[in-house]
Amino acid sequence: MIKVFLVEDESIIRETLRDTFPWEECGYTFAGEASDGEMALPLISSTRPDVLITDIKMPFMDGLSLSKLVLKELPDIKIIIISGYDDFEYARRAIEIGAEQYLLKPVTKSSLMKTLTEVREKIEQEQKSIQTEYQMESQDYEQQVLRSFVERVAAGRISVQEIYEDAEKLDLDIRAESYCIAMFSALEEKYSEKDSMVREAILGFFMKRPEYVLIRWNITTYMVLIKGNADRMDGYLQECISAVQNGYSTYDRHGAWYVAAGTPVNRLSSIPECFEKVSRFWAYRYIQPDCHILTEKTVGEKTDTPMGASIDSVDAAKFNPNILLKVMKTATPEEVPDFVNEFLYDIRSGIGSYLFCQYIMLSARFTATEYAAELGVGKEEFEKGVSCLDMIEGQVKEDDLRAYLTEILLHVIKIRVKNTSYQYRDIINQATVYIDSHYTDESLSLNQVAKEVNISANYFSAVFSQEMKCTFIEYVTSKRMERAKELLRTTDKRSGEIAQEVGIKDPHYFSFLFKKTEGCTPRDYRTGAKKK
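Cut-off values and rules
- Residues numbered from 1 in each chain as written.
- Predicted model: local features only at pLDDT ≥ 70, side-chain atom pairs only at ≥ 80, totals over all residues.
- Heavy atoms only, no water.
- Helix = DSSP H or I, 4+ residues; strand = E, 2+ residues; numbered from the N terminus.
- Rg over C-alpha atoms; globule rule 2.2 N^0.38 Å.
- Areas by Shrake-Rupley, 256 points an atom, 1.4 Å probe, with all protein chains shown as cover.
- Lys, Arg positive; Asp, Glu negative; His and termini not counted.
- Charge placed at Lys NZ, Arg CZ, Asp CG, Glu CD.
- Buried < 20%, exposed > 50% of the residue type's maximum accessible area, 1.4 Å probe, protein only.
- Pairing = 2+ DSSP bridges.
- Salt bridge = Lys/Arg side-chain N within 4 Å of Asp/Glu carboxyl O.
- Core = buried A, V, L, I, M, F, W, Y, C linked by side-chain atoms within 4.5 Å.
- Contact = heavy atoms within 4.5 Å.
- Expected span 1.5 Å × (residues − 1).
- Arc of directions from axis to C-beta.
- Phe/Tyr/Trp six-rings, centres within 6.5 Å; stacked < 30°, edge-to-face > 60°.
- Lys NZ or Arg CZ within 6 Å of the ring centre and 35° of its normal.
- Axes fitted to C-alpha atoms, helices over the stretch in contact; angles between N-to-C directions.
- Nonpolar A, V, L, I, M, F, W, Y, C, P; charged D, E, K, R; others polar.
- Patch = residues over 30% accessible without salt bridge, like charges linked within 9 Å, V, L, I, M, F, W, Y side chains within 5 Å.

**Thoughts on the overall build of the protein**
Phase 1 of the analysis: Scanning the protein from terminus to terminus reveals 21 helices and 10 strands.
Phase 2 of the analysis: Radius of gyration (C-alpha) of the protein: 32 Å, far over the 24 Å computed for a compact globule of 532 residues.
Phase 3 of the analysis: Surface summary for the protein: the accessible area is close to 26,800 Å², and the carbon and sulfur share equals 50%.
Phase 4 of the analysis: When the 66 positive and 85 negative side-chain charges of the protein are each reduced to one mean point, those points stand 2 Å apart.

Encoded structure:
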């Protein structure tokens, strides 16, 4: 309950309010009383009430002086002034110091109940606001930690015991009979209300279901760790695929979406095997671009097909240079090994042919140099960065071809990433300029900034975190706290006024955030700054 403290020099009024007013009915706990400001101050310091009701005219220390001192120590306290003087000057001064209400005596039960109800609702709204903001920050942090955890599990870098220990720290129930991994993505750079609605619907589906653990894998890709009973795993997988398929089939996406699902395993220690398989399937979005659902059924299982020297049985569509170009334009460096393995597997029957291997290597080289030129890197400069070009015209084995393609692809992707980083820099510069001039606006949001730079909020969030090495909320908070510290050092403004000035409507949340980021309260910071 909300704690209230009463200061009134007239004992009959004070005792009547204390003993007969229905505090609990209004949602309050009566925390204490005093007959004047001097007596009240130490009691208020010890009880730390949420609401102070004080008379204006009292001996030793009046209500306005008391309120000023209390607000310095408890900047979030709500103050209700009661007075027998219908004087504009008193009312003006009460408002000036930050009083919530100014009540004239005699104070009726109904008027006090109405006032306390309004104050309680305001406090509850502020507390709700703090909780919402805190949850948003916590979710950002939890996503980062969760991604790191799943990444280590998928890579097999931690033992089963460590998996359980880390999952417990994350409050994640990882126990299950069966596990599987799925991945999905959609290109969504430009801002679109429709894209946003579809994406939120898909993400919402996964976030509401305990059997799915959703993480953002990279800028365009999400991973879903699926856990549950073995006899229901096939159903969970189908629901996962359907959620993505149905979401993006509601309107024309020009084929720019994919979903891949691995094969279920029944041990935590086997998750790396599942991840390896789903990564293989995921690579097929380049090899089979018209196949949007990538599973063992649609991609097929690997067999011990012997390497051959005949290109007659090789599907020409599977060594189309456009496949390599798409990888160069959109793949991450981490995806290259899986892609190269699957690419070579699909053309394995022709790898024994000298001419076919020469064609593959020259095709990769010319495609890469042309794309690098589009990125502003000339042929000579590009070729200086690779050491495998002398393989051309020589007899090569499958491993040689794998090394050649891997080096060519990684080199051109590195150029693209660097070039894209420059493009991102323009977006980030535009975004930070906008944030820096609008962070004092309490309505500033990630969606608002994303619209300003004309990309989707989801894509902007990922790019911002990647380029700035902090989340959007962390950046905005840092700007607000820096300004707050400056105002605390250079002005006598109250904490609540400073909160409003830096774009934080709720003084409670401002104090909470300041202590969280700076390690001390605004009051302690101001005191320390003055001493320095």
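**Describing the pairing of strand β3 (residues 51-55)**
Within a regular beta strand, the side chains point alternately toward one face of the sheet and then the other, so they alternate between its two faces.
Phase 1 of the analysis: Summarising burial for β3: five of the five residues are buried, a large majority.
Phase 2 of the analysis: Residue alternation in β3 divides its side chains into two sets, Val51, Ile53 and Asp55 and Leu52 and Thr54, and both sets are buried.
Phase 3 of the analysis: Across four bridges, strand β1 (residues 2-7) lies against β3 in parallel orientation. Bridge assignment links Val4 to a residue of β3, and that residue is Val51.
Phase 4 of the analysis: Pairing between β3 and strand β4 (residues 78-83): five bridges, direction parallel. When the sheet's bridge partners are listed, Asp55 is paired in β4 with Ile82.

**Describing the pattern of salt bridges**
Phase 1 of the analysis: This structure, assessed with the given rule, holds 30 salt bridges.
Phase 2 of the analysis: Its salt-bridge partner being Asp19, residue Arg18 comes within 2.8 Å of it at the nearest N-O pair.
Phase 3 of the analysis: A relative accessible area of 52% places Asp19 in the exposed class.
Phase 4 of the analysis: For Glu211, the salt bridge identified is with Arg209, shortest N-O distance 2.7 Å.
Phase 5 of the analysis: On the accessibility criterion, Glu211 (10% relative accessible area) is buried.
Phase 6 of the analysis: Under the relative-accessibility criterion, Arg209 is labelled partly exposed at 22%.
Phase 7 of the analysis: One salt-bridge network, held together by shared partners, links Glu8, Glu10, Asp55 and Lys105.

**Description of the nonpolar core**
Phase 1 of the analysis: Counting residues in each nonpolar core, the largest one holds 97 residues, and the members touching the most others are Phe149, Phe184, Phe206, Ile226, Phe339 and Phe343.
Phase 2 of the analysis: Top contributing element to this core by residue count: helix α9 (residues 271-287), with 10 residues.
Phase 3 of the analysis: In this structure Phe206 touches Phe184, Tyr212, Leu214, Val224, Cys240, Ala243 and Val244, once residues within four positions along its chain are discounted.
Phase 4 of the analysis: In terms of nonpolar packing, the next biggest core, distinct from the first, is built from 24 residues, Ala431, Phe460, Ala462 and Tyr475 among them.

**Overview of helix α8 (residues 233-248)**
Phase 1 of the analysis: The end-to-end C-alpha distance of α8, which contains 16 residues, comes to 23 Å, matching closely the 22 Å that a straight helix rising 1.5 Å per residue would cover.
Phase 2 of the analysis: Among the residues of α8, those classed as buried are Met233, Tyr236, Leu237, Cys240, Ile241, Ala243, Val244, Gly247 and Tyr248. Looking straight down α8, one finds that the buried residues subtend no more than 150° of arc, so they occupy a single side.

**Description of the packing of aromatic side chains**
Phase 1 of the analysis: Overall, the coordinates contain 19 aromatic pairs when judged by the stated rule.
Phase 2 of the analysis: Plain terms: the ring middles of Trp23 and Phe30 are 5.3 Å apart, the flat faces sit at 45° to each other, and that makes the pair tilted.
Phase 3 of the analysis: A relative accessible area of 5% places Trp23 in the buried class.
Phase 4 of the analysis: Through pairs of rings, three or more aromatic residues link up here, namely Phe184, Phe205, Phe206, Tyr212, Tyr222 and Tyr236.
Phase 5 of the analysis: Directly above the ring of Trp217 sits Arg147, whose terminal nitrogen or CZ lies 4.7 Å from the centroid.

**Some remarks on the packing of α9 against helix α11 (residues 321-330)**
Phase 1 of the analysis: As a packed pair, α9 and α11 sit with axes 8 Å apart at the nearest point and diverge in direction by 115°. Along the contact surface, α9 presents Arg285, Tyr286 and Ile287, while α11 presents Ile323, Lys326, Val327 and Thr330.
Phase 2 of the analysis: Counted by class, the contact of α9 with α11 contains four nonpolar, one polar and two charged residues.

**Focus: a positive patch on the surface**
Phase 1 of the analysis: A cluster of basic residues, Lys57, Lys68, Lys72, Arg93 and Arg523, forms a positive patch on the protein surface.
Phase 2 of the analysis: Following the sequence through the fold, Lys57 ends up in the loop between β3 and α3 (63-73).
Phase 3 of the analysis: The class for Lys57 is partly exposed, based on a relative accessible area of 43%.

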